[in-house]
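Letter by letter, the chains look like this.
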Amino acid sequence: EFAEAQELRASGIEADILLLSPMCDLNEAKQAVALNIICAIGSPESATILDLAAQENDRRVRAHLVLDTGFGRFGFLPDDIGFAVKAVEDLKFVDIEGTFSHLSDSFGKDTRHSHAQYRLFMKGVAQLRAAGIQTGMLHLCNSCGFLRFEDMHLDAVRIGSAFLGRLPFPNHYGLHRIGYMESAVCEVKTLPKG
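Okay, so let's go over this structure. All residue numbers refer to position in the chain's written sequence, counted from 1. pLDDT decides what is reported in this predicted model: residues at 70 or higher carry local features, side-chain atom pairs at 80 or more are listed and counted, and totals for whole chains, interfaces and linings draw on all residues regardless. Side-chain measures here rest on the full set of heavy atoms in the structure, leaving out hydrogens and waters.

## Points about the pairing of strand 2 (residues 61-66)
What counts here: To sort residues, take the accessible area from a 1.4 Å probe on protein chains only and compare it with the maximum for the residue type: under 20% means buried, over 50% means exposed, and anything in between is partly exposed. Strands here mean DSSP runs of E at least two residues long; helices mean DSSP runs of H or I at least four residues long; both are numbered from the N terminus. Two strands form a pair only when DSSP identifies at least two bridges running between them. For the handedness criterion, the strands are oriented away from the viewer, and a crossover whose path from the first strand over the helix to the second runs clockwise is classed as right-handed.
Of all 6 residues in strand 2, 5 are buried, a share of seventy percent or more. Across 3 bridges, strand 1 (residues 39-41) lies against strand 2 in parallel orientation. Paired with Ala-40 across the bridge in strand 2 is His-64. Between strand 1 and its parallel partner strand 2, the chain crosses via helix 3 (residues 44-56), and the hand of that crossover is right-handed.

## Let's talk about the packing of helix 2 (residues 26-34) against helix 3
The following threshold applies: Between N-to-C directions, angles span 0 to 180 degrees; the directions come from axes that are lines fitted to C-alpha atoms, helices contributing only their stretch in contact. Comment on the angle field: the value is read as roughly parallel under 35 degrees, roughly antiparallel over 145, roughly perpendicular from 65 to 115, and oblique elsewhere. Left-handed describes a crossing whose near helix is turned anticlockwise from the far helix through less than a right angle; right-handed describes the clockwise counterpart. Contact definition: two residues touch when any of their heavy atoms are within 4.5 Å. Side-chain classes follow a simple rule in which Ala, Val, Leu, Ile, Met, Phe, Trp, Tyr, Cys and Pro form the nonpolar group, Asp, Glu, Lys and Arg form the charged group, and the remainder, Gly included, forms the polar group.
Contact pair helix 2 / helix 3: the axes reach a minimum separation of 8 Å and the direction vectors enclose 55 degrees. What the angle tells us is that helix 2 and helix 3 run oblique. Both helix 2 and helix 3 take part in a crossing whose hand is right-handed. Contacts between helix 2 and helix 3 pair Leu-26, Ala-29, Lys-30 and Val-33 from the former with Ile-49, Leu-50, Leu-52, Ala-53, Ala-54 and Glu-56 from the latter. Residues belonging to the contact of helix 2 with helix 3 are distributed by class as follows: 8 nonpolar, no polar and 2 charged.

## Let's talk about the pattern of salt bridges
Counted only if it meets this: We define a salt bridge as a side-chain nitrogen of Lys or Arg found within 4 Å of a carboxyl oxygen belonging to Asp or Glu.
A full pass over the atoms with the stated rule returns 6 salt bridges. The closest approach of N and O atoms between Glu-56 and Lys-30, which form a salt bridge, is 2.7 Å. Taken as a pair, Glu-56 in helix 3 and Lys-30 in helix 2 lie far apart in primary sequence, 26 residues in all. Arg-62 is the partner of Glu-97 in a salt bridge, and the nearest nitrogen-oxygen pair spans 2.8 Å. With a gap of 35 residues between them, Glu-97 in strand 3 (residues 94-100) and Arg-62 in strand 2 connect regions that are remote in the sequence.

## Looking at the side chain of Asp-51
So the rule is basically this: Charge counting follows a simple rule: Lys and Arg are positive, Asp and Glu are negative, and His as well as the terminal groups are ignored.
Mapped onto the elements of the fold, Asp-51 is located in helix 3. The charged side chain of Asp-51 is buried without a salt bridge, its nearest counter-charge being Lys-92 at 5.3 Å. Beyond its immediate stretch of four places on either side in the chain, Asp-51 contacts Asp-90, Leu-91, Lys-92, Phe-93 and Val-94.

## Regarding helix 3
Short version of the rule: A helix is expected to reach a length of 1.5 Å times the quantity of its residues less one.
Look at helix 3: 18 Å from first C-alpha to last across 13 residues, which is about the 18 Å you get at 1.5 Å a residue. When we look at burial in helix 3, the residues that qualify are Ser-46, Ala-47, Ile-49, Leu-50, Asp-51, Ala-53 and Ala-54. Check the buried side of helix 3 and you find it contacts helix 2, strand 1, strand 2, helix 4 (81-89) and strand 3. A positive phi of about 55 degrees marks Asp-58, the residue just after helix 3.

## Thoughts on the pairing of strand 3
Here strand 3 lies mainly inside the structure; 5 of its 7 residues are buried. Across 6 bridges, the pairing between strand 2 and strand 3 is parallel. Of the residues in strand 3, the one forming a bridge with His-64 is Gly-98. In terms of handedness, the path from strand 2 via helix 4 over to strand 3 forms a crossover that is right-handed. Bridge count between strand 3 and strand 4 (residues 137-139): 3 bridges; the pairing is parallel.

## Notes on the side chain of Ser-46
Test applied: Between N or O atoms, a polar contact is any pair within 3.5 Å; within protein, one atom must be a potential hydrogen donor and the other a potential acceptor, and residues adjacent in sequence are included only when both atoms are from side chains.
Turning to its location among the elements, Ser-46 is positioned in helix 3. Reaching out from Ser-46, the side chain makes a polar contact with the backbone nitrogen of Gly-42 at a distance of 3.0 Å. With near-sequence residues (within four places) excluded, Ser-46 lies in contact with Pro-22, Met-23 and Ile-41.

## Concerning the packing of helix 4 against helix 5 (residues 112-130)
Closest axis-to-axis distance for the helix 4/helix 5 pair is 10 Å, and the angle between their directions is 45 degrees. When the axis of helix 4 is compared with that of helix 5, the two are oblique. The crossing of helix 4 and helix 5 is right-handed. Across the interface between the two elements, Ile-81, Ala-84 and Val-85 of helix 4 pack against Gly-124, Gln-127 and Leu-128 of helix 5.

Rendered as structure tokens:
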């Protein structure tokens, strides 16, 4: 969430901060650019907003593309990768440094969905590259994905709930619960059946 990125910067954190949710508000996007936050792009609209924010701040901004491989939250659908290609081709002030997705059921007993998401992600990456888009650093695995699917680690992984000691399967890693997470709805998305 953008407010958390702001709080980190206000606390003096100067390290790279990757905001995983795409910007949908121009004023927030301008603030993110000013704070040197690495932003996500998951739709033509978020690409346009981020590019405009960078232009208005007269600086380049770093970003990662989001592919929705089945989580249903943010991202370009791999079946409509042309939207991502067009969005990136239209960018004038944004540098794509990475591409990611998020596993929706990496904690489940049946691992077929996670493997299908991985294949869909890699297919989308291949399509982007075939269209001449630099995909940069690839990352797919969340905490459970990292712990369960070594073959899906790619260039980076994102540890979240495991950092808080929250695992939905037997914890053989010595992690201890240290807090809880809370969230709010920030966007509604219509998805095709299946």
